[in-house]
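Here is what each chain is made of, one letter per residue.
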Amino acid sequence: VGHCHPDIVKAAHEQNQLLNTNSRYLHDNLVDYAERLSKTLPEKLCIFYFLNSGSEANDLALRLARQYTKHEDVIVLDHAYHGHLTSLIDISPYKFRNLEGQKEWVHVAPVPDTYRGLYREDHEDPVTAYATEVKNIIEQAHERGRKIAAFFVESLPSVGGQIIPPAGYFQKVAEHVHKAGGVFIADEIQVGFGRVGKHFWAFQLQGEDFIPDIVTMGKPIGNGHPLACVATTKEIAEAFAATGVEYFNTFGGNPVSCAIGLAVLDVIEKEHLQAHATEVGNFLMKLLKEQKMKHPIIGDVR
């Protein structure tokens, strides 16, 4: 919502003057914030875990998926980057190719890029073709005795090139993944919170009928303050709680962080930032497309 936004500064300052504790102490801000966030998401995603960073959120999403499915393997898109923890470097081809390489439990699917990918705009059905690639990966994994825990994807692959997956791709992939006993994780850390303009969450670009099993968020959620979140379903959360190993995060969801999180949502709403993103985005796209007509060196505008 912008550098040193006065509403954010005020919310942090006021809460700091009252109380900031670790999260073992109950505080209304945490519940109020979870409730506000839940209003932006499909009803099914109703359990929230608060953390300090997007990397922490993605690591927890991985744990949730594995605990719920009792499987280990993860499918990711080529060029993906999901964070800087060891567990996430392992599922980030953008990183692991320069480090220790691909682990046996990681499977890499082609990016659903209709501009420069395997199946392009001129293909009769790029959605099915790209989803079938995931289906084939699952079948090959099964042949080797592996089991899929999750398909882990940024709703709009960012490091991979700001790719906009064709609508319907997530639905088809989710079908294959669910059939294999896995879950669908949407990483919204770079693209969530109204940044896509038309919707509050980028996964909603796929259509009303698509709901991920787990959504992770970070970066814009605290406007620069260390704050992140994982949203999931009751079923997944209950399977995770059943281990008896509770999830605890000392500072995730502390009163000051939640006050800031609430203020961010207030500002997005009050200043109509989602509509602003649509307007400015459309304006930029229009001008850039005009440049594309003029200059053959510009291949695609995203």
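Anything mentioned here points back to the structure above.
Residue positions are given per chain, counting from 1 as you read along its sequence in written order. Local features in this predicted model are restricted to residues of pLDDT 70 or higher, and side-chain atom pairs are both shown and tallied only at a pLDDT of 80 or more, whereas totals for entire chains, interfaces and linings draw on every residue. Computation of side-chain values: all heavy atoms of the structure, hydrogens and water removed.

Q: Lay out the pattern of salt bridges with the relevant residues and their values.
A: When the charged atoms of two side chains with opposite charge come close together, those side chains can pair. In the sections that follow, a salt bridge refers to a side-chain nitrogen of Lys or Arg positioned within 4 Å of a carboxyl oxygen of Asp or Glu. Enumeration over the complete set of coordinates arrives at 15 salt bridges. A salt bridge links R146 to E72; the shortest N-O distance between them is 3.1 Å. One end of the pair, R146, is in the loop between α6 (126-143) and β4 (148-154); the other, E72, is in the loop between α3 (54-69) and β2 (73-77), and 74 residues separate them in sequence. Since its relative accessible area comes to 14%, R146 is described here as buried. K103 serves as the salt-bridge partner of E100, at 3.6 Å between the closest nitrogen and oxygen. Working definition: with a 1.4 Å probe on protein chains only, accessible area under 20% of the residue-type maximum means buried, over 50% means exposed, and in between means partly exposed. Residue class for K103 comes out partly exposed when judged on its relative accessible area of 26%. Note on conventions: DSSP H or I runs of at least 4 residues are helices, E runs of at least 2 residues are strands, and numbering of each starts at the N terminus.

Q: Can you tell me about the environment of P165, naming the residues and giving the values?
A: Turning to its location among the elements, P165 is positioned in the loop between β4 and α7 (169-179). Taking the C-alpha atoms as reference points, P165 and T114, 51 residues apart in sequence, are found 7.9 Å from one another. Once you skip the residues sitting within four places of it in the chain, P165 turns out to touch P112, S155, L156, P157, F170 and Q206. Contact between two residues is taken to exist if any of their heavy atoms lie within 4.5 Å; hydrogens are not considered.

Q: Describe the pairing of strand β6 (residues 214-217), and please don't skip the residues or the numbers.
A: Burial of the side chains of β6 extends over both faces: I214 and T216 are buried on one face and V215 and M217 on the other. Whether two strands pair comes down to DSSP finding at least two bridges between them. Relative to β6, strand β5 (residues 183-187) runs parallel, the two sharing three bridges. Considered in β6, the bridge of D187 is made with T216. Sheet topology note: the β6/strand β7 (residues 228-232) ladder contains four bridges and is antiparallel. Within β7, the position partnered with V215 by the bridge is A231.

Q: Report on the pairing of β7, specifying residues and quantitative values.
A: Within β7, five of the five residues are buried, which leaves the element mostly enclosed by the surrounding structure. Burial of β7 is two-sided: the residues A228, V230 and T232 facing one way and the residues C229 and A231 facing the other way are all buried. Pairing geometry for strand β1 (residues 47-51) and β7, over five bridges, is antiparallel. Along β7, the bridge assignment pairs Y49 with V230.

Q: Describe α7, naming the residues involved and giving the relevant values.
A: Among all positions of α7, only Y169, F170, Q171, V173, A174, H176 and V177 are buried. Tucked inside the fold, the buried residues of α7 contact β2, α6, β4 and β5. G181 sits one or two positions beyond α7 and adopts a positive phi of about 85°.

Q: If you had to explain the side chain of S92 to someone new, which residues and values would you point to?
A: Its location among the elements puts S92 in the loop between α4 (86-89) and α5 (93-96). Here L88 takes part through its backbone oxygen, which lies 2.6 Å from a polar atom of the side chain of S92. Excluding its chain neighbours within four sequence positions, the residues that come into contact with S92 are A80, Y81, H82 and G83. N or O atoms within 3.5 Å of each other form a polar contact, as long as, within protein, one can give a hydrogen and the other can take it, and as long as residues adjacent in sequence are counted only when both atoms are side-chain atoms.

Q: Outline the sheet that holds β1, listing residues and values.
A: Within a sheet, each strand pairs with its neighbour through backbone hydrogen bonds, oriented either parallel or antiparallel. Within the open sheet, the seven strands sit side by side as β1-β7-β6-β5-β4-β2-β3. Their pairing is mixed. Only two strands of the sheet have a single neighbouring strand rather than two, namely β1 and β3 (106-109). Sheet twist, expressed as the average angle between the axes of neighbouring strands with direction ignored, equals 20°. Taken strand by strand, α6 contacts β2, β3 and β4, and its axis lies near 155° from that of β3. Structural elements are reduced to axes, namely lines fitted to C-alpha atoms, with helices fitted over the stretch in contact, and the angle between N-to-C directions of any two is expressed from 0 to 180 degrees.

Q: Tell me what's going on with the packing of helix α2 (residues 28-38) against helix α9 (residues 255-270), and back it up with residues and numbers.
A: Following both chains from N to C, one finds α2 and α9 inclined at 30°, their axes separated by 8 Å at the closest point. Once α2 is placed against α9, the crossing between them reads as left-handed. Packed against α2, whose contacting residues are N29, L30, D32, Y33, R36 and L37, the element α9 presents P255, C258, A259, G261, L262, L265, D266 and E269 at the interface. Residues are grouped as follows: Ala, Val, Leu, Ile, Met, Phe, Trp, Tyr, Cys and Pro are nonpolar; Asp, Glu, Lys and Arg are charged; all remaining types, including Gly, are polar. Partitioned by chemical class, the residues of the contact of α2 with α9 number eight nonpolar, two polar and four charged. Take the far helix as the reference: if the near one is turned anticlockwise from it by less than a right angle, the crossing is left-handed, and if turned clockwise, right-handed.

Q: Explain the packing of aromatic side chains to me, and be specific about the residues and the numbers.
A: For Phe, Tyr and Trp, rings pair up if their centres lie within 6.5 Å, where Trp contributes its six-membered ring, and each pair is then called stacked (planes under 30 degrees apart), edge-to-face (over 60) or tilted (otherwise). Inspection of every chain in the model, using the stated rule, returns 14 aromatic pairs. Look at Y49 and Y247: their rings are 6.0 Å apart centre to centre, the planes differ by 90°, and that puts the pair in the edge-to-face class. One end of the pair, Y49, is in strand β1; the other, Y247, is in the loop between α8 (234-241) and α9, with 198 residues separating them in the sequence. On the accessibility criterion, Y247 (23% relative accessible area) is partly exposed. Ring centres of F193 and F200 lie 5.4 Å apart, and the angle between their planes is 45°; on these two criteria the pair is classed as tilted. For the residue pair F193 and F200, the accessibility class agrees, reading buried in each case.

These figures come from the coordinates and say nothing about function on their own.
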